[in-house]
Amino acid sequence: MTIELLIPLLAAAVQSGTPILYATLGEIFTEKSGVLNLGVEGAMILGALAGFLVSKFTGSPVIGFLAAGIVGSLATSIHGVVCLWFQGNQVVSGLALTILGAGLANYLGTPYVGLTAPGFAPYAIPVLSEIPAVGRIFFNHDPLVYFSYCIPPLMWLFFAKTRLGLGLRAVGEYPSAATAAGLNVASYRWFGIMVGGFFMGLGGAYLSLAYTHLWTTNLTGGRGWIAVALVIFAFWRPGRAVFGAYLFGGVMALQLRLQASGTQWPSSILLMLPYVLTVFVLVLSSWKKGNSEEPGALGVNIEPID
């Protein structure tokens, strides 16, 4: 592969990986509080539809992007009600959220299939975009990609340096000790669920407002499940999630380019590539579990204190 083919592929990997990155960071935020949310796919697709509709009817993709995050938070709040109020099974609740979100979005979005909405256009950052190779790969995208660059370091600072972030981690690791220290476990977990859902909704909005600029059924295409796997691959570290998201984005971009080039490989095999990589990543992550920063109380419901 020549450099003239490699650089566009790497640039496409960044773009394709951005919605996965948003969703992965949202799931990391939620799981840091000790709540396992398998409803990422449902929150993403509801966010994608909300962003598309709000942008279409207001003419403002910025408002649509923010609306998608809010809808993502509202969607995951259903998971919060089930798990925090009614002490329901977190795995079952997350799966139900995915089914509900996908069905509701596809039903409500049926009249708009194939239609377009105002979105975000690529904007080359002056000077940075002119850096050989690096500029074309990282600094010739839309504003939502640039915004995603800021989130991982800010999230690391939040978890490592702020009182609220340290409290959130304590709730996810040792909820009984956090309670003894005077922290309200339920409030922190609600915070983790809502903020995580906001990022998941933003990931969905990227697909409808920047990646495609249109609405179609099943727009997320399983990216929410990839995000769940990437949390494990990233060992719950925001910085490592960037690498994982772009890796998967690169595989997706490569798959599309192979199909467009008229390769002799069956299309069904090419479509499998991202999900085969997902399985491989899960196996590899399990093998290296000793380096994991998995929250100690992940998936464990906490009985409310009377």
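One numbering rule holds for all chains: residues counted from 1, following each sequence as written. For this predicted model, a pLDDT threshold of at least 70 governs which residues receive local features, and a threshold of 80 or more governs which side-chain atom pairs are given and counted, while totals over whole chains, interfaces and linings are taken from all residues. Hydrogens and water molecules were not included; the side-chain quantities draw on all heavy atoms of the structure.

A. Quick look at the overall build of the protein. A run of H or I in DSSP becomes a helix once it reaches four residues, and a run of E becomes a strand once it reaches two; helices and strands are each numbered from the N terminus. Along the protein, the regular secondary structure elements total twelve helices and two strands. Here the globule rule is a power law, 2.2 Å times the number of residues to the power 0.38, and the radius of gyration is based on C-alpha atoms. A compact globule built from 306 residues would reach a C-alpha radius of gyration of about 19 Å, and the protein, at 19 Å, matches this within 12%. For the protein, the spread of C-alpha atoms along the three principal axes comes to 60 × 45 × 40 Å. The buried label goes to any residue with under 20% of its type's maximum accessible area, the exposed label to any with over 50%, and the partly exposed label to all in between, with areas taken from a 1.4 Å probe on protein chains only. Scored against the burial criterion, the 306 residues of the protein give a buried share of 50%. Note on definitions: a residue-residue contact is assigned when non-hydrogen atoms from the two residues lie within 4.5 Å. The contacts in the protein between residues at least 6 apart in sequence include a share of 77% that link residues at least 24 apart.

B. Main features of the environment of Gly 196. Structurally, the position occupied by Gly 196 is in helix H9 (residues 185-211). Assessed through its relative accessible area of 0%, Gly 196 is described here as buried. Taking the C-alpha atoms as reference points, Gly 196 and Glu 31, 165 residues apart in sequence, are found 8.6 Å from one another. Once residues lying within four places of it in the same chain are set aside, the contact partners of Gly 196 are Gly 26, Phe 29 and Thr 30.

C. Layout of a nonpolar patch on the surface. Each patch is built from salt-bridge-free residues with over 30% relative accessible area, joining like charges within 9 Å and nonpolar side chains (Val, Leu, Ile, Met, Phe, Trp, Tyr) within 5 Å. Computed by Shrake-Rupley with a 1.4 Å probe, the accessible areas treat only the displayed protein chains as cover when residues are assessed. The salt bridge criterion pairs a side-chain nitrogen of Lys or Arg with a carboxyl oxygen of Asp or Glu, the two atoms within 4 Å. Taken together, the side chains of Ile 78, Leu 100, Leu 104, Tyr 107 and Leu 108 present a nonpolar region at the surface, about 500 Å² in accessible area. Ranked by residue count, the leading element in the nonpolar patch is helix H4 (residues 90-109), at four residues. With respect to the element layout, Ile 78 can be found in helix H3 (residues 61-85).

D. Structural view of the side chain of Ser 77. Along the chain, Ser 77 falls in helix H3. Polar contacts here mean pairs of N or O atoms no more than 3.5 Å apart (in protein, one a potential hydrogen donor and the other a potential acceptor; neighbouring residues in sequence count only if both atoms are side-chain atoms). Of note is the side chain of Ser 77, whose polar atom sits 2.4 Å from the backbone oxygen of Leu 74. Not counting residues up to four positions away in its chain, the partners in contact with Ser 77 are Trp 190, Ile 193 and Met 194.

E. Up close: the confidence of the model for the protein. pLDDT is a per-residue confidence score from the predictor, ranging from 0 to 100. Per-residue confidence for the protein gives a mean pLDDT of 91; residues scoring 70 or more make up 94%. For the protein, per-element mean pLDDT is lowest for helix H12 (residues 267-287), which scores 74, and highest for helix H2 (residues 40-58), which scores 98.

F. Main features of helix H6 (residues 143-161). Any helix carries an expected span of 1.5 Å times its number of residues minus one. Here H6 contains 19 residues, and its C-alpha end-to-end distance of 27 Å stays within 8% of the 27 Å for a straight helix at 1.5 Å per residue. Among the residues of H6, Leu 144, Val 145, Tyr 146, Ser 148, Ile 151, Pro 152, Met 155, Phe 158 and Phe 159 are the ones counted as buried. The opening residue of H6, the one whose side-chain oxygen lies 3.0 Å from the backbone nitrogen of Leu 144, is Asp 142.

G. Focus on the packing of H3 against H9. Running from N to C, H3 and H9 cross one another at 140°; their axes reach a closest spacing of 6 Å. Here H3 is positioned oblique relative to H9, judged by the angle of their axes. You can see that H3 and H9 cross each other, and the crossing is right-handed. Class assignment for the residues of the contact of H3 with H9 results in 17 nonpolar, nine polar and one charged. Here, axes are lines fitted to C-alpha atoms. For helices the fit covers the stretch in contact, and angles between N-to-C directions go from 0 to 180 degrees. Roughly parallel covers angles under 35 degrees, roughly antiparallel covers those over 145, roughly perpendicular covers 65 to 115, and oblique covers all other angles. By the definition used in this description, the sense in which the near helix is turned from the far one sets the handedness, with an anticlockwise turn below a right angle giving left-handed and a clockwise turn giving right-handed. Charged means Asp, Glu, Lys or Arg here, nonpolar means Ala, Val, Leu, Ile, Met, Phe, Trp, Tyr, Cys or Pro, and polar covers whatever is left, Gly included.

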